[in-house]
Amino acid sequence: MTVAGDLRSGIVAVVGRPNVGKSTLVNAVVGGKAAIVSDKPQTTRNRIRAVFNDPRGQIVFVDTPGLHRPLHELGRFMKRQADESLGGSDAVCYVVESSDTHIGKADEIILKLLELSSVPVILVVNKIDSRVSAAPLDGWKVYLDRVDPVETILVSALKGTNLDILVDSVFSLLPSGPPIFDDDRLVDCTERFLASEIIREQVLLQTEQEVPHSVAVDVEEFKSPDEYPDRKNLLIRATIYVERDGQKAILIGKGGSKMKSIGGQARKEIEKQFGQDVFLDLWVKVRPGWRNSERDLRRMGYV
């Protein structure tokens, strides 16, 4: 039995290059959708705090954007989000892939940040279930020449392999103290933000490479039956912004088929997350150069 004085709690930054499986890892540990997931790199843009409660205490995982060299204002915002997460953390989970055999440019950025930090690091070697056959079994050990982790744990975020060991290791590094959040929340963000991310997730899953990075979702209206008793369902009106007319055409699709599919899947996922019927009204607008506009970034929640 754990008594109040034995509780541990703290903040753990989850860092790694784009598309290494950080969001899948966080979702698997907390047991729900804390962050959107796709096979496109740089899926996560904002720091997302996911809460894991346990009789031993509470872990607040901060899922950070994948670090890379920023090419525009949005990229610089994403890098700041990741940088700032390290400074306020009690521990770091540095996620790499089991098939890695060399250190690329994106990981060099992360390693330089870790070298400047005194926060203890757990090296999390992910995707042990999907190894590249030609890759050496211990190629990932190249990272041990650059980082001195308190522990190295091989996991499969997709299959849940060794995640219990990872949680045990994280708890051992956290300071004693009461929970940071005193309720049963899973994610420290607004429902409006979560809805916008679910819509963006469907865009990422259903469109080609040229579209996803140019997409932002702005939820302009969010009315739930809790706040508006006359409503029988949750009303969400949102605008999907892209940078070019061609991207808008791809999102809409022939006869509106693509937008119907995106909206339909997003609505089902939002209903699953919020536990109520949803009326989802989506629009697509072109806003050239929004990723380099501080005004547009602020409007879309990226500042």
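What you are looking at is a predicted structure, and each value in this text was computed from that prediction instead of being measured.

Cut-offs used in this document
Per chain, the residues get numbers from 1 upward, laid out in the order the sequence is written. This being a predicted model, a pLDDT of at least 70 is required before a residue's local features are given, and a value of 80 or more before pairs of side-chain atoms are given or counted; all residues contribute to the totals for chains, interfaces and linings. As a rule here, side-chain values cover all heavy atoms of the structure and leave hydrogens and water aside. What is meant by a nonpolar core is a set of buried Ala, Val, Leu, Ile, Met, Phe, Trp, Tyr and Cys residues, joined one to another through side-chain atoms within 4.5 Å. Exposure is judged per residue with a 1.4 Å probe applied to protein chains only, and the accessible area is read against the type maximum: over 50% gives exposed, under 20% gives buried, and values in between give partly exposed. Every helix listed is a DSSP run of H or I at least four residues long, and every strand listed is a run of E at least two residues long, numbered separately from the N terminus. The contact definition used throughout considers only heavy atoms, calling two residues in contact when any of these lie within 4.5 Å. The rule for pairing is simple: two strands pair if DSSP sees at least two bridges between them. Structural elements are reduced to axes, namely lines fitted to C-alpha atoms, with helices fitted over the stretch in contact, and the angle between N-to-C directions of any two is expressed from 0 to 180 degrees. Here, a salt bridge means any Lys or Arg side-chain nitrogen found within 4 Å of an Asp or Glu carboxyl oxygen.

(A) Up close: the nonpolar core. In this structure, Leu25, Ile59 and Phe61 are the most contacted members of the largest nonpolar core, which totals 25 residues. A per-element tally of this core places helix H4 (residues 163–173) first, with five residues. If we skip the residues at most four places from it in the chain, Ile59 touches Gly10, Val12, Ala50, Val51, Phe52, Val167, Val170, Phe171 and Leu174. The next biggest cluster of nonpolar side chains, apart from the first, holds 24 residues, and it includes Val219, Met259, Ile262 and Val278.

(B) Local environment of the sheet that holds strand S9 (residues 278–286). Read across the open sheet, the three strands follow the order S7-S8-S9; overall the sheet is mixed. The strands lining the two open edges of the sheet, one partner per strand, are strand S7 (216–223) and S9. If you compare each strand with its neighbour and ignore which way they point, the axes differ by 20° on average. Note that S7 and strand S8 (residues 234–242) share seven bridges and pair antiparallel. Across the sheet, residue Val217 finds its bridge partner in S8, namely Ile240. Packing of helix H5 (residues 191–206) onto the sheet brings it into contact with S7, S8 and S9, and relative to S7 it is tilted by some 135°. Sitting on the sheet, helix H6 (residues 245–252) is in contact with S8 and S9, with an inclination near 155° to S9.

(C) Summary view of the environment of Asn19. When you line up the elements, Asn19 lands in the loop between strand S1 (8–15) and helix H1 (22–30). Asn19 gets classed as partly exposed once you look at its relative accessible area, which sits at 33%. Sequence-wise, Asn19 and Glu97 are 78 residues apart; in three dimensions their C-alpha atoms are separated by 9.8 Å.

(D) Region of the structure containing the pattern of salt bridges. Inspection of every chain in the model, using the stated rule, returns 13 salt bridges. Between Lys127 and Glu97 there is a salt bridge, and its shortest N-O distance comes to 3.0 Å. Remark: Glu97 occurs in strand S4 (residues 91–97) and Lys127 occurs in the loop between strand S5 (121–126) and strand S6 (151–154); sequence separation between them is 30 residues. Judged by relative accessible area, which is 24%, Lys127 ranks as partly exposed. Notably, a salt bridge pairs Lys223 with Glu221, separated by 3.1 Å at the nearest N-O pair. Since its relative accessible area comes to 25%, Lys223 is described here as partly exposed. Salt bridges sharing common partners tie together Arg17, Glu97, Asp100, Asp107 and Lys127.

(E) Main features of the pairing of strand S3 (residues 57–63). With respect to burial, S3 is a largely interior element, seven of its seven residues being buried. Taking every second residue as pointing to the same face, both faces of S3 are buried, with Gly57, Ile59, Phe61 and Asp63 on one and Gln58, Val60 and Val62 on the other. Where S1 and S3 come together, seven bridges link them in parallel fashion. Paired with Ile11 across the strands is Val60, a residue of S3. Strand direction decides the pairing type here: strand S2 (residues 48–54) and S3, joined by seven bridges, are antiparallel. Within the sheet, the bridge partner assigned to Phe52 lies in S3 and is Ile59. Once S2 ends, the chain turns through two residues before running back antiparallel as S3.

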